[in-house]
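Survey of secondary and tertiary structure
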Amino acid sequence: MRRISMDGASMGARGLWLSLAWLGASTALGCGRREALPAPGDPGAERPAQPAQLAPPAQPEEPAAPLQESRVERDGLSIAFALRPLDRGQQGGGSGLGAARAAAAAGSDVVAEFTITDASTGAPVRGLTPLGWMSRRAGADGAAAASFPGGAPAASLASGAVDAAPDEAACRGKIKSFTAGLLSVRPEVDMNAYLLWTLNQDNTLSAINPQVALARTQLRSVVSLAGRGVSFVLHPDWESLYVTLRGGQGLAVVDTRRGLVRTNVPVGQDPSRVVVAPDGRTVWVGNDGDGTVSVIDARSTDVLRTLPVGPGHHEIAFTGGGRAAWITSQQGESVAVVDGETLEPLGEIAVGEGVVSIAASDEAGVVHAANAARGEVVVLDAARRAVAGRVALKPGLGALQFDPRGRFSFALNPAANEVAVLDGATGAVAHTLTGLAAPDAVTFTGAFAYIRNRGAARVSLVDRAALGGPAAPPLVDIAVGQGPPLAAAARPGPAALATPIAPLPEGNGALVASPADKALYVYVEGMMAPIGTLPSYGREPRSILVEDRSLKEVRPGVYATTVRLGEGGLYDVELLLDRPRTGVCLEATVAPARCAPGDGEADASGCGGDPVKDIAIAPLFEPDLRLAAGEPATLRFRATAGEGGPPLDAEDIEVMVVRFPAGYRFRGAPRAEGDGTFSVAFTPPTPGQYRFLAAVPGRGAPVGALPSVPLRVSPRGAGAQGGGAR
């Protein structure tokens, strides 16, 4: 096997995200000519297309009317910007104009949408990579915005209420400052957000923002789990992350926006693999301890069905766009096939005991199952649900995965230090890649396959374009870190569970988790070594996922993403295009936060003035309550709103417990107990001083705005607890 060495020292732990490096100082920027679009009710108005839902709605919805619209023309392009409400089911109910208008209020989640067409022909302009921001204009207070909830243009605002719209030079300066990634100049709304989620060796997830320039600020949040995580997966709508937990703690459902556990779903014993069905409607969890698979409704988190499938570790793959689920049982003899919609069994296929991984290709119409003990890949015909052949390899097979096109499957063998590349159409071994060091995970970009070497501090790249040739493609070795993953203290379970490499959102590189170095390495294709590192803040990252909330082309010429609006006022909307390199500034108006859909503006009774004064948090435990390290406790409190405001519910409230003065942070979603009483379960990890903080961000009370309550944590078994409710 030929090998090309590209070893080299990394650039050090600067923690810089260089995904926007293509932006140069020579970018042609301007503000263009603004026009107010026709009102939605104008029969002559032609509205931009509604973006496709990232996850299918529960039932068909009529297209939502835009909440805000404005337009500019620049360099032969007509660019329209609109704010639209999210799917009503995601908004928690409500309909009609009241619900739509409430979605335009400060702190609400909406769809930000740019429609880009040819100014002369009206044809959609496709294939762009836009960057967008919203920045609140100086002097644009909520009162001014409240007068124009439908999105009136700036010219309608009272003279002198807000600063003038930026001219071409100011627009250029704002866009350049945002692309620099400095914390000192940040927009209120960033439409290019990426977050890195790492599953750590302890019972935590880390959410890291790689787009800021100061490493000490990159850790956005640490999510404490009820047990140690086994595997995790993101929902296609980016709103939820699912983590299987050890110790009988079930499945954690994490709210990615708030960075806290929304709920823990009881499933079977020893849950391990978790996957989301291709249509996003269901979540499938393999329970290795009792031979079952739990199927969960992604919206309600209800367990829809518990399927008996056989003993041992389970892996799950889908064919037909999710119409059929294929489930392995390592200690069983068969692969179970289940209807993805009705959840009824479709049959079992005898493959022999010892299957450790499975992968499917709709392109080739086959399913490949790797048998570790026998050292073979069983080829299954997806249409006939029958064995089509067996490919003899070496014992010790681990992870198995098809490339994105479904043409080749990669069968990794950490015991033999090699990878077999199988042709999906014929089932034959196309190439054998040798000289690896315990390969245990593979990830793909458009150009390369990335193979993690668990026994060496390197990642091996395979040119995907060369896979169709007669000769095996050379391995390109990239030195990653100082120590091999095997040197880390954490010992992962089945090899197929590891996801230590994630493609960059741009598709031209990857992020590699190094548990031995407690760092994340950023590699861009064509470089001799990683271009930089991101710290993991003392934790061992075992797996990594990228949450990409950037603008995507959801319809021809329509680029959209979901955003959370800032405080009320008049905003400049900055947009930077790559073809041609053009920057423009539009505008939008955000109404002040409302108490509830249809309950009036922010200056109504119970909503206006200083909203923090209208929120009261009263702990139902004594101030001198003493907790014990490692022992679970239930902290109860009462949360009330002022007169005229609707009562608070669990969705409104966030709870944080921090170790004082710095260190451990716990974020949790409270549980409603009735009559304004809420509780949160918390297990302090170590002795020390802690602070209990509650927040109600949607009512103007972010974390830190309300008084904290001190907690004292003693060593386990140190003595009786003090007063308080446990």
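Here goes a summary of the coordinates provided.

It is worth spelling out the sheet that holds strand 31 (residues 429–433) at this point. Spatially, the four strands line up as an open sheet ordered 28-29-30-31, and their pairing is antiparallel. Edge positions in the sheet fall to strand 28 (400–402) and strand 31, since each has one partner strand and no second. Going from strand to strand, the sheet's axes swing by 20° on average, the running direction of each strand aside. Here six bridges tie strand 29 (residues 408–413) to strand 30 (residues 418–423), and the two strands are oriented antiparallel to one another. Within the sheet, the bridge partner assigned to Phe 410 lies in strand 30 and is Val 421.

Let us now look at the pattern of salt bridges. What the rule picks out here adds up to 27 salt bridges. Asp 202 is the salt-bridge partner of Arg 539, the closest N and O atoms lying 3.5 Å from each other. Placement of Arg 539 in the loop between strand 39 (532–535) and strand 40 (541–550) and of Asp 202 in the loop between strand 9 (192–200) and strand 10 (204–208) is noted, with a sequence separation of 337 residues between them. Here Arg 273 and Glu 315 are joined by a salt bridge, their closest N and O atoms 3.0 Å apart. Of this pair, Arg 273 sits in strand 16 (residues 271–276) while Glu 315 sits in the loop between strand 19 (303–308) and strand 20 (316–319), and the two are 42 residues apart along the sequence.

So, on to unusual backbone geometry. Note the cis peptide between Arg 579 and Pro 580, where omega equals -15°. The residue Pro 580 is located in the loop between strand 43 (569–578) and strand 44 (581–590) in this model. With phi around 65°, Thr 301 is a residue other than glycine that occupies positive phi space. Looking at the secondary structure, you find Thr 301 in the loop between strand 18 (292–297) and strand 19. Even without being a glycine, Lys 518 presents a positive backbone phi close to 55°.

Further remarks concern the environment of Asp 279. With respect to the helices and strands, Asp 279 occurs in the loop between strand 16 and strand 17 (282–287). Its relative accessible area of 31% is what places Asp 279 among the partly exposed residues. Placed 43 residues apart in sequence, Asp 279 and Pro 236 show a C-alpha to C-alpha distance of 8.6 Å. Side-chain polar atoms of Asp 279 contact the backbone nitrogen of Arg 281, separated by 3.0 Å.

Thresholds applied
Residues numbered from 1 in each chain as written. Predicted model: local features only at pLDDT ≥ 70, side-chain atom pairs only at ≥ 80, totals over all residues. Heavy atoms only, no water. Pairing = 2+ DSSP bridges. Helix = DSSP H or I, 4+ residues; strand = E, 2+ residues; numbered from the N terminus. Axes fitted to C-alpha atoms, helices over the stretch in contact; angles between N-to-C directions. Salt bridge = Lys/Arg side-chain N within 4 Å of Asp/Glu carboxyl O. Buried < 20%, exposed > 50% of the residue type's maximum accessible area, 1.4 Å probe, protein only. Polar contact = N/O pair within 3.5 Å; in protein donor to acceptor, adjacent residues only side chain to side chain.

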